[in-house]
Amino acid sequence: MAGGPAAVGAGVGANAPKSKLVGILMVAFSAFGGILFGYDTGVISGIKEMNAWLREFGEPSTTHPSGYSITSSTESLVVSILSVGTFFGALFGAPIADILGRKWGVVFACLVFSVGIAMQTAATAVPLFVVGRVFAGLGVGLVSVLCPMYQSECSPKWIRGAVVSAYQWAITIGLLLAAVVNDGTKDRTGADSYRIPIALQFVWAGVLAGGMAVLPESPRWLIKRGREEDAAAALSRLTRLPPDHPEVTQELHEIKENLEHELAIGESSYADCFRWNETKIGFRTLTGIFIQAWQQLTGINFIFYYGTTFFQRSGIEDPFLITIATNIVNVFMTLPGMYGVEKFGRRRLLLVGAIGMCVCEFIVAIVGVAVPDSNIAAQKVLIAFVCIYIAFFASTWGPIAWVITGEIFPLQVRAKAMSLSVASNWLWNFGIGYATPYLVNDEPGSAGLEVKVFFIWGSTCACCILFTYFCVPETKGLSLEQIDEMYQHTMPWRSHIYRNRLMAGEVAPSGKHSDSEKGEVASASEKI
């Protein structure tokens, strides 16, 4: 799915007491950004199949049980236009963060998001509903940049990994909440059946904005603005130490040094991201762009955007309930992925995930084509393998694609290369969301593939296997400098061998270390 955490920072409070209160607040309030993001992404899947929504926004039809339906073009527009808003919201995220600050930037994003929700709730025609989706997308795009940025700069070092992981996990929880609320209101006969799920997003935005308003601003941003006293006060709140404590003073000094180092490196251009030099920056940038593209091309957002529609047209009796089941799988199977990425490595899990998804999607396609909709056993097989497919995605390609893009870029182009990767994710998200109704629906002007669309997703997952094998190195446990070294001296399909040598201290950076220094490197590697 789109929009994982895209910012990585140093955090604060390395030696400060591990205040449980700070950790809980950071996780709870920042994670609400993920819930808002996931819920808004998932809610449209159900409401566009509700009878009341179709009567309000659709046209008379003899093919739909409600007597109303929408065209493929309208369905494409309503679903995919959110991604247009998120794309531009993500682009505006960096300047807004610099102008308003991290925390007030999030509050501003919630206001923009709420404007979009108000439009969708009040809409009685497609144009206003679509404009509301654009504004909501702008808010979601801002949140997808600002929340991880705030986390990476403000989270205590001892809990930073949990905070950032919680944001990614919260996205899946938001998707699940959307499915549950849709199921709870779908049988209402009035407009409240779809307005309640939409308006409930005011709650998520209010909780996030309220929580951020009482949290301190990023000390890093305050230092950058020359507000050193405010930075000391903010850091004091984050670490639960007095402003003049040596730990706070040391942290502020480190922040200043890091900012000076960034200024010394200087600004890089987007053209620098595609330079083909000894560290293969161009290859690494393209790897980040394409791993995000392939993540979308696994077909996962087909399930989360159009799952209810797909299950209904496949003859399944309660498609809303099945959508809840798939989202439960997504939530709980993300947890082993968060554990496995450090236990088993990135490359291995990406390969296993791509193979598993490929097999499952071809089975779904074959069963769907070979067996009629009336066959109950076949429908159970279809549901089972869709759930297994989601489990493979949630534990591998879902979180790990973002881990890879956070690790493979060198410092001088990291920000711009990351922005290109995130842009790639949102653009493919939009493209797939827009094209899917034309691929799946059985009406004039559409391909009418229905369940056969899984042959496409199975084929793209086969491409994911090839891409991972030839383009994605194993970066588990390596520093940025070691990753640079690995790109210079080996290819991705042999990276596990070179990585083991780096971890064992058998390879010295640029060949400059003596044998005695290698021993020291080996000792340091063992500590890692």
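In what follows, the structure referred to is the one given above.
Read on for an overview of the structure.

1. Comments concerning the overall build of the chain
Okay, so step 1: When helices and strands are tallied, the chain shows 22 helices and two strands.
Okay, so step 2: The buried share of the chain, taken over its 528 residues, is 57%.
Okay, so step 3: The contacts of the chain with a sequence gap of at least 6 include a subset with a gap of at least 24, amounting to 77%.

2. Observations regarding the pattern of salt bridges
Okay, so step 1: According to the stated counting rule, one finds 11 salt bridges in the structure shown.
Okay, so step 2: Asp-192 is the partner of Arg-188 in a salt bridge, and the nearest nitrogen-oxygen pair spans 2.9 Å.
Okay, so step 3: In this structure, Arg-275 and Asp-272 form a salt bridge, with 3.4 Å as the shortest nitrogen-oxygen distance.
Okay, so step 4: A network of salt bridges, in which partner residues are shared, links Lys-48, Glu-49 and Glu-75.

3. Here we look at empty space enclosed by the protein
Okay, so step 1: Summed over all chains, the structure comprises five cavities of 30 Å³ or more.
Okay, so step 2: Space inside the largest cavity adds up to approximately 80 Å³.
Okay, so step 3: For the lining of the largest cavity, the elements supplying multiple residues, two or more each, are helix 1 (20-47), helix 6 (160-185), helix 13 (300-313) and helix 14 (319-343).
Okay, so step 4: In terms of residue count, helix 6 provides more of the lining of the largest cavity than any other element does, four residues in total.
Okay, so step 5: Residues belonging to the lining of the largest cavity are distributed by class as follows: five nonpolar, seven polar and no charged.

4. Looking at the nonpolar core
The nonpolar side chains of a soluble globular protein tend to be buried with one another.
Okay, so step 1: Counting residues in each nonpolar core, the largest one holds 124 residues, and the members touching the most others are Ile-47, Trp-53, Phe-129, Phe-302, Trp-397 and Phe-454.
Okay, so step 2: If you tally residues by element for this core, the top one is helix 5 (residues 126-154), at 13 residues.
Okay, so step 3: Those residues in contact with Ile-47 that sit more than four places away from it in its chain are Trp-53, Phe-129, Asn-182, Tyr-194, Pro-197 and Ile-198.

5. Overview of the packing of aromatic side chains
Okay, so step 1: On inspection of all chains with the given rule, the structure shows 16 aromatic pairs.
Okay, so step 2: When the ring of Phe-302 is compared with that of Trp-457, the centres are 6.2 Å apart and the planes differ by 45 degrees; the resulting orientation is tilted. Residue Phe-302 is located in helix 13, and its partner Trp-457 is located in helix 19 (residues 453-471); the two are separated by 155 residues in the primary sequence.
Okay, so step 3: On the accessibility criterion, Phe-302 (1% relative accessible area) is buried.
Okay, so step 4: By relative accessible area, which is 4% here, Trp-457 ends up buried.
Okay, so step 5: When the ring of Tyr-469 is compared with that of Phe-470, the centres are 5.0 Å apart and the planes differ by 90 degrees; the resulting orientation is edge-to-face.
Okay, so step 6: Residue Phe-470 is classed as partly exposed on the basis of its relative accessible area of 41%.
Okay, so step 7: Here the aromatic residues Trp-53, Phe-57, Phe-129 and Tyr-194 are joined through ring pairs into a cluster of three or more.
Okay, so step 8: The aromatic ring of Tyr-270 is capped on one face by Lys-416, whose charged end is 5.7 Å from the ring centroid.

6. Points about the packing of helix 14 against helix 16 (residues 376-395)
Okay, so step 1: Remark: helix 14 packs on helix 16, axes separated minimally by 7 Å, with the N-to-C direction vectors making an angle of 30 degrees. Put simply, helix 14 runs roughly parallel to helix 16. Like other packed secondary-structure pairs, helix 14 and helix 16 cross with a definite hand, here right-handed. On helix 16, the residues touching Ile-322, Thr-326, Val-329, Asn-330, Met-333, Thr-334 and Gly-337 of helix 14 are Ile-383, Val-386, Cys-387, Ile-390, Ala-391, Ala-394 and Ser-395.
Okay, so step 2: Among the residues forming the contact of helix 14 with helix 16, the class breakdown is nine nonpolar, five polar and no charged.

7. Observations concerning the environment of Asp-442
Okay, so step 1: Within the fold, Asp-442 resides in the loop between helix 18 (414-440) and helix 19.
Okay, so step 2: Using a relative accessible area of 63% as the deciding quantity, one classes Asp-442 as exposed.
Okay, so step 3: When residues no more than four places from it in sequence are discounted, the contact partners of Asp-442 are Gly-448 and Glu-450.

8. Structural notes on the environment of Ile-328
Okay, so step 1: Locating Ile-328 in the fold gives a position in helix 14.
Okay, so step 2: Measuring from C-alpha to C-alpha, the distance between Ile-328 and Ile-173 comes to 8.3 Å, with 155 residues separating the pair along the chain.

9. A few points about the side chain of Asn-301
Okay, so step 1: Checked against the element boundaries, Asn-301 lands in helix 13.
Okay, so step 2: In terms of polar contacts, Asn-301 uses its side chain to reach the side chain of Gln-296, at 2.7 Å.

10. Some remarks on the state of the cysteines
Okay, so step 1: What the rule picks out here adds up to zero disulfides.
Okay, so step 2: No disulfide involves Cys-358; its sulfur sits 6.2 Å from the nearest other cysteine sulfur, which is in Cys-461.
Okay, so step 3: We note that Cys-461 lacks a disulfide partner, and the nearest cysteine sulfur, in Cys-464, lies 5.1 Å from it.
Okay, so step 4: Given the relative accessible area of 0%, Cys-461 is considered buried.

11. With respect to helix 10 (residues 228-239)
Counting along an α-helix, one turn takes 3.6 residues, and residues three or four places apart therefore face a common direction.
Okay, so step 1: Helix length check: helix 10 (12 residues) gives 16 Å between terminal C-alpha atoms against 16 Å at 1.5 Å per residue, within 8%.
Okay, so step 2: Along helix 10, the positions that sit buried rather than exposed are Ala-231, Ala-232, Ala-234, Leu-235, Ser-236, Leu-238 and Thr-239.

12. Remarks on the side chain of Glu-217
Okay, so step 1: Here Glu-217 is to be found in the loop between helix 8 (201-214) and helix 9 (219-224).
Okay, so step 2: Of the side chains with opposite charge, Arg-102 comes closest to the buried, unpaired Glu-217, at an N-O distance of 5.6 Å.
Okay, so step 3: Side-chain polar atoms of Glu-217 contact the backbone nitrogen of Arg-102, separated by 3.1 Å.
Okay, so step 4: A distance of 3.3 Å separates the side chain of Glu-217 from the backbone nitrogen of Lys-103, its partner in a polar contact.

Reading the values: rules and limits
- Residues numbered from 1 in each chain as written.
- Predicted model: local features only at pLDDT ≥ 70, side-chain atom pairs only at ≥ 80, totals over all residues.
- Heavy atoms only, no water.
- Helix = DSSP H or I, 4+ residues; strand = E, 2+ residues; numbered from the N terminus.
- Buried < 20%, exposed > 50% of the residue type's maximum accessible area, 1.4 Å probe, protein only.
- Contact = heavy atoms within 4.5 Å.
- Salt bridge = Lys/Arg side-chain N within 4 Å of Asp/Glu carboxyl O.
- 1 Å grid on protein atoms, 1.4 Å probe; cavity = no way out; pocket = protein on both sides within 12 Å on 5 of 7 lines; lining within 4 Å.
- Points joined across faces, edges and corners; volume = space filled by probe spheres on them.
- Nonpolar A, V, L, I, M, F, W, Y, C, P; charged D, E, K, R; others polar.
- Core = buried A, V, L, I, M, F, W, Y, C linked by side-chain atoms within 4.5 Å.
- Phe/Tyr/Trp six-rings, centres within 6.5 Å; stacked < 30°, edge-to-face > 60°.
- Lys NZ or Arg CZ within 6 Å of the ring centre and 35° of its normal.
- Axes fitted to C-alpha atoms, helices over the stretch in contact; angles between N-to-C directions.
- Parallel < 35°, antiparallel > 145°, perpendicular 65-115°, else oblique.
- Left-handed = near helix turned anticlockwise from the far one by under 90°.
- Polar contact = N/O pair within 3.5 Å; in protein donor to acceptor, adjacent residues only side chain to side chain.
- Disulfide = S-S within 2.5 Å.
- Expected span 1.5 Å × (residues − 1).
- Lys, Arg positive; Asp, Glu negative; His and termini not counted.

So, to be careful, I would describe these as geometric facts and stop short of saying anything about function.
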